[in-house]
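Structural overview
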Amino acid sequence: MIELENLSYTYGGGELLSDVSLRLQPGSFHFLTGPSGAGKTTILKLCYGALLPTTGRLSVFKQDIARLDRDQLALMRRRIGVVHQDCQFLDHMTLAENVALPLTVSGQIDTAQREDLSELLSWVGLGTRLDSHPPELSGGERQRAALARAVILSPDVVLADEPTGNVDWEMSQRLLRLLVELNKMGKTVLIATHDMSLIRAAKSQVQARVLRISQRQVQLAGADL
Amino acid sequence: MSKGMIRSLLKRDTRADRVVPPTGYTAHLTLFVSGAMAFLAVFALALSLASGRLADRWGTELAGAVTLRISAPADQMDAQTEAALTVLSQTPGIASARALTTEEQAALLSPWFGPDLPLDTLPVPQLIEIIEGEPGLDAAGLRLRLGAEVPGAVLDDHTRWREPLVEAARSLRRLGWVSILLIGGATAAMITLAANASLAANAQIIEVLRLVGARDSFIARAFVRRFTYRAFFGAVVGVLLGMTGVLLLPEASDAGGFLTGLGFQGYGWLLPALIPVLGAAVAFLATWSAASRKLKELS
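Computed from a prediction, not measured in an experiment: that's the story for all the values here. (Residues numbered from 1 in each chain as written. Chains lettered and ligands numbered in written order. Predicted model: local features only at pLDDT ≥ 70, side-chain atom pairs only at ≥ 80, totals over all residues. Heavy atoms only, no water.)

**Describing the interface of chain A and chain B**
Counting residues at the interface gives 23 residues for chain A, matched by 22 residues for chain B. Three residues stand out in chain A for area buried against chain B, namely Arg70(A), Gln88(A) and His92(A), and they jointly supply 30% of the buried area on that side. The interface formed by chain A and chain B contains six residue pairs in polar contact (both at pLDDT 80 or more). At the level of elements, α2 (70-77) and α4 (101-105) of chain A are the ones that each hand at least two residues to the side of chain A that touches chain B. Split into classes, the residues belonging to the side of chain A that touches chain B amount to 10 nonpolar, six polar and seven charged. (Contact = heavy atoms within 4.5 Å. Buried area = accessible area lost by both parts, 1.4 Å probe. Polar contact = N/O pair within 3.5 Å; in protein donor to acceptor, adjacent residues only side chain to side chain. Helix = DSSP H or I, 4+ residues; strand = E, 2+ residues; numbered from the N terminus. Nonpolar A, V, L, I, M, F, W, Y, C, P; charged D, E, K, R; others polar.)

Below, the structure is given as structure tokens:
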């Protein structure tokens, strides 16, 4: 589904990633861990085409990402749901409009979908906040809303960058449960986190692999959980 | 750019348009610039059309008219006038020729000397109005013949002073059109700057839209529509104010000359309606070009 082959990435003259090889199989659940600045976010950005590798090959849905034009890249991103640590909402739009943004940009929105939106937001516990604006939401609510937006197009892959970075333990468990639920629906999930307690908590819920970035390379961190 | 793309660019899509924040100084800037430019364009258009009318009028009114002036002692004036009329009646290319009456000559001089001019006490030359006919007048031949038969006659075909006037009016008309082009160019430049500023200010929104799978054409359309409609409405207001200004100008009259005729006539009143459409078209192209460039930079 997503395959990095001998990939390296250089930024500002320094090599952030070196000779990275990684394969995410359909329906798999991966944690990507490592210290801050190790390159977790960079790998996620490479996976959805926000960055291009300096050398090596990156294939997403069997397409070489370096060969995609901007339109093809946009179509590819519709198959990948991304949850950012800072969520990135459009503050002038309501929560419902923000969550429906992937539908809007892909021309799939219609008037009958407010009920579907309500159902989706109820799934992440925000069923009553449809008309709220992002600045009115707490950190945890924003993370859950970002997750709802990430899955609204029913993507094949969900990438989450420190999804529990700004929330308390209870909320992080709630988010983890939602991500596990998505994985059980057949979605490939990759979570970048430095929160080891989150990884330990996932042990009882899902068959996950833990990848660790160390010295600019990605390694399997011990046995599978 | 295909017709389908242009149609989709102009078609209102409320949800898609919402992705660009509705306010910001670029919104006011675009409205103001397009309004001000449309206001100026109305006056430039009025100037151009009025100059064109003037050039045409001077060109046509004077082109077929020639004046014969007879300066002779009072006791020979009637004889020379009679002789001149005889020569003119025998000259091919003259449709009609008639001596101006004393009242008509007094009327011509009254702007300079007042209405109570005692013409009979002044050595005023006799004027003969000649209207050209087919196949046209041989002015040089006529001058030679008049020189021989009517020694006090001077033929004036108006060329000497008519051509510079007509050329001046044509130059004014060209100046008007050049002004309109410059106004269009300045509008395009200002809207390009405003669109660039708006795109730069909304870089984070563009990033979010790309994150959720928006194509560049979708993002560009949202900005292009916003600027096109703003430019259109700004121009509508500018045109309405400009037209009001033109309406308040004094009406054309013979006494007032060129300046009082500076307005629209007949179908000319419809032409300013094209200004908002052209303004919107300029904004459309300027924003589309700016957005395409900026989105490429931001990728």
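**Looking at unusual backbone geometry**
Residue and element names in this part refer to chain A. For Ser154, which is not glycine, the phi torsion reads 50 degrees and is therefore positive. The residue Ser154 is located in the loop between α6 (139-151) and β7 (157-161) in this model. A relative accessible area of 46% means that Ser154 is categorised as partly exposed. A positive phi angle is found at Gln215, which is not glycine, with a value near 50 degrees. Position of Gln215 relative to the elements: it lies in the loop between β9 (209-214) and β10 (217-220). What makes Gln215 exposed here is its relative accessible area of 71%. (Buried < 20%, exposed > 50% of the residue type's maximum accessible area, 1.4 Å probe, protein only.)

**Some details on the nonpolar core**
Residues and elements named next belong to chain A. Of all hydrophobic cores here, the largest spans 44 residues; its most connected members are Phe29, Phe31, Val99, Leu121, Leu147 and Leu176. It is helix α7 (residues 169-184) that contributes the most residues to this core, seven residues altogether. Not counting residues within four places of it along the chain, the set of residues in contact with Phe31 comprises Leu176, Ile191, Thr193, Leu198, Ile199, Ala202, Ala208, Arg209, Val210 and Leu211. Residues Leu7, Leu46, Val60 and Ile80 belong to the second largest nonpolar core, which totals 32 residues. (Core = buried A, V, L, I, M, F, W, Y, C linked by side-chain atoms within 4.5 Å.)

**Regarding a nonpolar patch on the surface**
All names here are of chain B. A cluster of nonpolar side chains, Phe39, Leu40, Val237 and Leu241, forms an exposed patch at the surface whose accessible area comes to about 350 Å². If you trace the backbone, Phe39 turns up in helix α3 (residues 25-63). Taking relative accessible area as the criterion, Phe39 reaches 33% and is therefore assigned partly exposed. (Patch = residues over 30% accessible without salt bridge, like charges linked within 9 Å, V, L, I, M, F, W, Y side chains within 5 Å. Areas by Shrake-Rupley, 256 points an atom, 1.4 Å probe, with all protein chains shown as cover. Salt bridge = Lys/Arg side-chain N within 4 Å of Asp/Glu carboxyl O.)

**Points about the pattern of salt bridges**
Applying the stated criterion across every chain, the model contains 15 salt bridges over all chains. Notably, a salt bridge pairs Glu104(B) with Arg98(B), separated by 2.9 Å at the nearest N-O pair. Arg98(B) sits in the partly exposed class, given a relative accessible area of 36%. Close ionic contact of Arg174(B) with Glu167(B) constitutes a salt bridge, the shortest N to O distance being 2.9 Å. Linked by salt bridges that have partners in common, Glu5(A), Arg57(A), Asp64(A) and Arg67(A) make up one network.

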